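Read off the chains here:
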Amino acid sequence: MDAKAHDLNFVLGQKQHWVVPVYQRHYEWESGSDKQIPKLWEDWRDKAIERLEERSPFPHYFGALIYSEPSKQAFGATPRRFLVDGQQRVTTFQIVLSALREVAREQGLAQLVEVANTYIFNEKSTGMEDPDRERFKLWPSVHDRKLFQLLSTGTPDEIRTAHTPNFFYKNGKLKTGQAPNLLRAYWYFYEAIREFIEDRAEYEEGADKVLNALIAGFLSGFQIVVIQLDENDDAQEIFGSLNGLGKPLSPFDLIRNDVFHRARKTGEDDERLFDDRWKSFEEPFWSEQVRQGRFKRARADHLIAHAV
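In this report, the structure presented in the accompanying data block is examined. Along each chain, the written sequence defines residue order, and numbers are assigned to residues from 1. Whole-chain, interface and lining totals are the exception, using all residues; otherwise, since this is a predicted model, local features are given only for residues with pLDDT of at least 70 and side-chain atom pairs are given and counted only at 80 or more. The side-chain figures draw on all heavy atoms in the structure; neither hydrogens nor water molecules are used.

## A closer look at the packing of helix H3 (residues 87-106) against helix H6 (residues 142-153)
Between two packed helices, the angle of one axis relative to the other and the distance separating the axes together describe the packing.
Part 1 of the reasoning: For helices, the fitted line uses only the C-alpha atoms of the stretch in contact; every axis is such a line through C-alpha atoms, and the angle between N-to-C directions lies from 0 to 180 degrees. Put simply, DSSP H or I for four residues or longer makes a helix, DSSP E for two residues or longer makes a strand, and each gets a number counted from the N terminus. Look at H3 against H6: their axes get within 8 Å of each other, and the N-to-C directions meet at 35°. Only Phe148, Leu151, Ser152 and Thr153 of H6 make contact with H3, whose side of the interface consists of Thr91, Gln94, Ile95, Ser98 and Arg101.
Part 2 of the reasoning: When its residues are assigned to classes, the contact of H3 with H6 shows 3 nonpolar, 5 polar and 1 charged. Note on contacts: a residue pair qualifies if any of its non-hydrogen atoms lie within 4.5 Å across the two residues. The residue classification treats Ala, Val, Leu, Ile, Met, Phe, Trp, Tyr, Cys and Pro as nonpolar and Asp, Glu, Lys and Arg as charged. All others, Gly included, are polar.

Next up, the structure:
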């Protein structure tokens, strides 16, 4: 096990393909008051203001991520890295960059659009086994993947068109009570960045200066501890023990983890297993909280309680 602290410029700037294992949870960071997304925005905004006001910036440590690498990877291929812990952070970082890129596009800042894209996408090469997949620096879980790809490649108008009327009203406003966490996080950053540009106009700071301060504050101001596991470390066991110290794993989480952990150990294609056998259990119907007797919990957990 090797641990080092790096700024996000180093962590996100490399040619790499972060993969969220099937046994991981969905994207869970929330955008409500006093939740993870507003807190990140406040820290990020402060890093930008430090630069705008030409104050000496101090690094802001933003937790850790843990990953493992397959033992045998083809020479010249995009390095594949399985996220054991930290998928919420890495996913959020990519959403931040996508939202910032779209505001830069609206402001006609083509150079900054390209800068943001270098941290979201890998440059395609003939050494890639699957260029359409490996061009993304992050490959989320199956549940979040389609929406994440749209947020990474689409404009806000394209996102609205794809998800109206499910998650947007006809006037273009987000239905915060119905939209998934991933979309709410993206939209929070998108609107916060635009509002920040308007707020800084009173200091006679143009959008170019503000957006450059934001991306510098983000990539240089945030640091994260990166821990690489070696071949003797059990990634899934570490995931379970780490998450057991935070939000408790539900019975359904534990069963999912065990099923896909054993599948990978026996050489099965865990993504195919998910698509063919498990996918229906990840529908919102099963995660909805319902009451039976004195217990209110997810339908999936009621199912397990009745089955055992």
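## Some remarks on the sheet that holds strand E4 (residues 80-85)
Part 1 of the reasoning: Strands qualify as paired when DSSP identifies two bridges or more between them. The strand order across the open sheet built from 6 strands is E1-E6-E3-E4-E2-E5, with neighbouring strands paired in mixed fashion. Two strands bound the open sheet, and with one partner strand each, they are strand E1 (2-7) and strand E5 (138-139).
Part 2 of the reasoning: Examined bridge by bridge, strand E2 (residues 17-19) and E4 share 3 bridges and lie parallel to one another. Note that in E4 the partner of Val19 across the bridge is Phe82.
Part 3 of the reasoning: Its contacts with the sheet place helix H9 (residues 207-221) against E1, strand E3 (60-68) and strand E6 (222-228), and it is angled at close to 35° to E6.

## Comments concerning the pattern of salt bridges
Part 1 of the reasoning: Note on definitions: salt bridges are taken to be side-chain nitrogens of Lys or Arg within 4 Å of carboxyl oxygens of Asp or Glu. Per the counting criterion, the structure on display carries 11 salt bridges.
Part 2 of the reasoning: Note that Arg55 is salt-bridged to Glu53, the shortest N-O span being 3.0 Å.
Part 3 of the reasoning: Buried, partly exposed and exposed residues are distinguished by accessible area as a fraction of the type maximum, computed with a 1.4 Å probe on protein chains only: under 20%, between the cut-offs, and over 50%, respectively. For Arg55, a relative accessible area of 42% gives the class partly exposed.
Part 4 of the reasoning: The structure contains a network of salt bridges with shared partners spanning Lys47, Glu50 and Arg51.

## A closer look at the pairing of E6
Part 1 of the reasoning: Burial of E6 is extensive: 5 of the 7 residues sit out of reach of the surface.
Part 2 of the reasoning: Judged from the 6 bridges that link them, E1 and E6 form a sheet pairing that is antiparallel. Following the sheet pairing, Asp2 is matched in E6 by Gln228.
Part 3 of the reasoning: Looking at chain direction, E3 and E6 are connected through 6 bridges and run parallel. Across the sheet, the residue bridging to Ala64 is Val225, located in E6.

## Regarding H6
Part 1 of the reasoning: The end-to-end C-alpha distance of H6 is 17 Å, a good match for the 16 Å that 12 residues give at a rise of 1.5 Å each.
Part 2 of the reasoning: On its buried face, H6 is in contact with H3, helix H4 (110-120), E5, helix H7 (156-163), helix H8 (181-200) and helix H12 (270-278). In a helix, the anticipated span is given by 1.5 Å times the number of residues less one.

## Focus on the packing of aromatic side chains
Part 1 of the reasoning: Ring pairs are drawn from Phe, Tyr and Trp, using the six-membered ring of Trp, whenever the two centres fall within 6.5 Å, and their geometry is named by plane angle: stacked under 30 degrees, edge-to-face over 60, tilted for the rest. Overall, the coordinates contain 17 aromatic pairs when judged by the stated rule.
Part 2 of the reasoning: Look at Trp41 and Phe196: their rings are 5.9 Å apart centre to centre, the planes differ by 85°, and that puts the pair in the edge-to-face class. Of this pair, Trp41 sits in helix H2 (residues 36-52) while Phe196 sits in helix H8, and the two are 155 residues apart along the sequence.
Part 3 of the reasoning: Looking at Trp41, the relative accessible area reads 6%, which means it is buried.
Part 4 of the reasoning: In this structure Phe196 comes out as buried when scored by relative accessible area, which is 4%.

## Structural notes on the side chain of Gln87
Part 1 of the reasoning: Turning to its location among the elements, Gln87 is positioned in helix H3.
Part 2 of the reasoning: With relative accessibility at 5%, the residue Gln87 sits in the buried group.
Part 3 of the reasoning: Here Gln87 is in contact with Val20, Gln24, Arg25 and His26, once residues within four sequence places are set aside.

## As for the pairing of E4
In the case of a regular strand, side chains alternate between the two sheet surfaces.
Part 1 of the reasoning: Judged from the 3 bridges that link them, E3 and E4 form a sheet pairing that is antiparallel. Note that in E4 the partner of Tyr67 across the bridge is Leu83.

## As for the nonpolar core
Part 1 of the reasoning: In this structure, Trp44, Leu183, Ile193, Leu211, Leu214 and Phe218 are the most contacted members of the largest nonpolar core, which totals 68 residues.
Part 2 of the reasoning: Counting residues per element, this core draws most heavily on H8, at 11 residues.
Part 3 of the reasoning: If sequence neighbours within four positions are ignored, Ile193 has contacts with Trp41, Trp44, Ala99, Leu100, Val103, Leu211 and Leu214.
Part 4 of the reasoning: Here the nonpolar core consists of buried residues drawn from Ala, Val, Leu, Ile, Met, Phe, Trp, Tyr and Cys, with membership extended through side-chain atoms lying within 4.5 Å. Of all hydrophobic cores here, the second largest spans 8 residues; its members include Phe274, Trp278, Ala300 and Ile304.

## Here's the deal with unusual backbone geometry
Part 1 of the reasoning: Pro165 follows Thr164 through a cis peptide bond whose omega is 15°.
Part 2 of the reasoning: Examined against the element boundaries, Pro165 turns out to sit in the loop between H7 and H8.
Part 3 of the reasoning: Not every positive phi belongs to a glycine, and Asp34 is a case in point at roughly 65°.
Part 4 of the reasoning: Tracing the backbone shows Asp34 in the loop between E2 and H2.

## Thoughts on the environment of Asn181
Part 1 of the reasoning: With respect to the element layout, Asn181 can be found in helix H8.
Part 2 of the reasoning: C-alpha of Asn181 to C-alpha of Ile37: the two residues are 144 residues apart in sequence and 9.9 Å apart in space.
Part 3 of the reasoning: Dropping the residues within four chain positions of it, Asn181 is found in contact with Tyr27, Glu28, Trp29 and Glu30.

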